[in-house]
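A look at the structure
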Amino acid sequence: MDLQYQLKSGSYYLYDMTEAPSPFTGERRFRLKTDTVAIAFDRHTGELHQHGSPTRIQSWATGARRRLRAAGAVDIANDIVVVSGPLPVEEINKCLGITGYCRRLFHRLHALPHGKFPKASPPKSRAGFQAA
């Protein structure tokens, strides 16, 4: 599967890009629609564990940590990180497509634009305009 998120009307839609678009509408069926996305990954390796709606991912992470701690793997349980919110769609897709990218995302989280859209570039000055 080649999963990819797309942003439409302020919501994240998850598509399987290997699926053929409908011959009638030209659209693919979406697998998930959510207002925010959560990503669960290993803090040290950046390996992506789960992604999707925040409620489901937080629940998965809580259960996985509990099972790992019960098995004596406390360090591995503590390495599970969940990041959620209105993240830029390009960054989410990089996490899905590039092994270990989640770790880079985690270290750059403070510098990412807040919200679903990429950081706006500063306005370009107009030729002939003079500031007073």
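Residues numbered from 1 in each chain as written. Predicted model: local features only at pLDDT ≥ 70, side-chain atom pairs only at ≥ 80, totals over all residues. Heavy atoms only, no water.

Let's shift gears to the overall build of the protein. The helix and strand tally for the protein stands at 4 helices and 6 strands. Across the protein, helices and strands are ordered from the amino to the carboxyl terminus as β-β-β-β-β-α-α-β-α-α. Pairs at least 24 apart in sequence give 46% of the contacts found in the protein among residues at least 6 apart. Only carbon and sulfur atoms are counted for the fraction: they give 54% of the accessible area of the protein, which is about 8,700 Å². (Helix = DSSP H or I, 4+ residues; strand = E, 2+ residues; numbered from the N terminus. Contact = heavy atoms within 4.5 Å. Areas by Shrake-Rupley, 256 points an atom, 1.4 Å probe, with all protein chains shown as cover.)

A few words on the environment of Ala77. Considering the arrangement of structural elements, one finds Ala77 in helix 2 (residues 74–78). For the pair Ala77 and Ala61, spaced 16 residues apart in sequence, the C-alpha separation works out to 8.9 Å. If we ignore the near neighbours within four places in the chain, the residues touching Ala77 are Arg65, Leu68 and Arg69.

The next point concerns the packing of helix 3 (residues 89–97) against helix 4 (residues 101–108). Interaxial distance between helix 3 and helix 4 falls to 8 Å at its minimum, and their mutual angle equals 145 degrees. Residues Glu91, Lys94 and Cys95 of helix 3 form the contact with helix 4, whose participating residues are Tyr101, Cys102, Leu105 and Arg108. (Axes fitted to C-alpha atoms, helices over the stretch in contact; angles between N-to-C directions.)

Taken in spatial order, the 3 strands line up as 1-2-3 in an open sheet, and their pairing is antiparallel. Single-partner strands in this sheet number two, and they are strand 1 (3–8) and strand 3 (30–34). Going from strand to strand, the sheet's axes swing by 25 degrees on average, the running direction of each strand aside. In this sheet, strand 3 lies alongside strand 2 (residues 11–16) in antiparallel orientation, the contact comprising 4 bridges. In the sheet register, Tyr13 faces strand 3, and the bridge partner there is Lys33. Helix 3 contacts strand 1 and strand 2 of the sheet and is inclined by roughly 170 degrees relative to strand 1. (Pairing = 2+ DSSP bridges.)

So, on to the side chain of Asp79. Along the chain, the position of Asp79 falls in the loop between helix 2 and strand 6 (80–85). At 3.3 Å, the side chain of Asp79 forms a polar contact with the side chain of His44. Excluding its chain neighbours within four sequence positions, the residues that come into contact with Asp79 are Phe41, Asp42, Arg43 and His44. (Polar contact = N/O pair within 3.5 Å; in protein donor to acceptor, adjacent residues only side chain to side chain.)

One finds Tyr5, Ile39 and Ile92 to be the most contacted residues of the largest nonpolar core, which totals 16 residues. Contributing elements (two or more residues each) for this core: strand 2, strand 4 (37–42), strand 6, helix 3 and helix 4. Among all residues touching Ile92, those that are not within four sequence positions of it are Tyr5, Tyr12, Val37, Ile39 and Leu87. (Core = buried A, V, L, I, M, F, W, Y, C linked by side-chain atoms within 4.5 Å. Buried < 20%, exposed > 50% of the residue type's maximum accessible area, 1.4 Å probe, protein only.)

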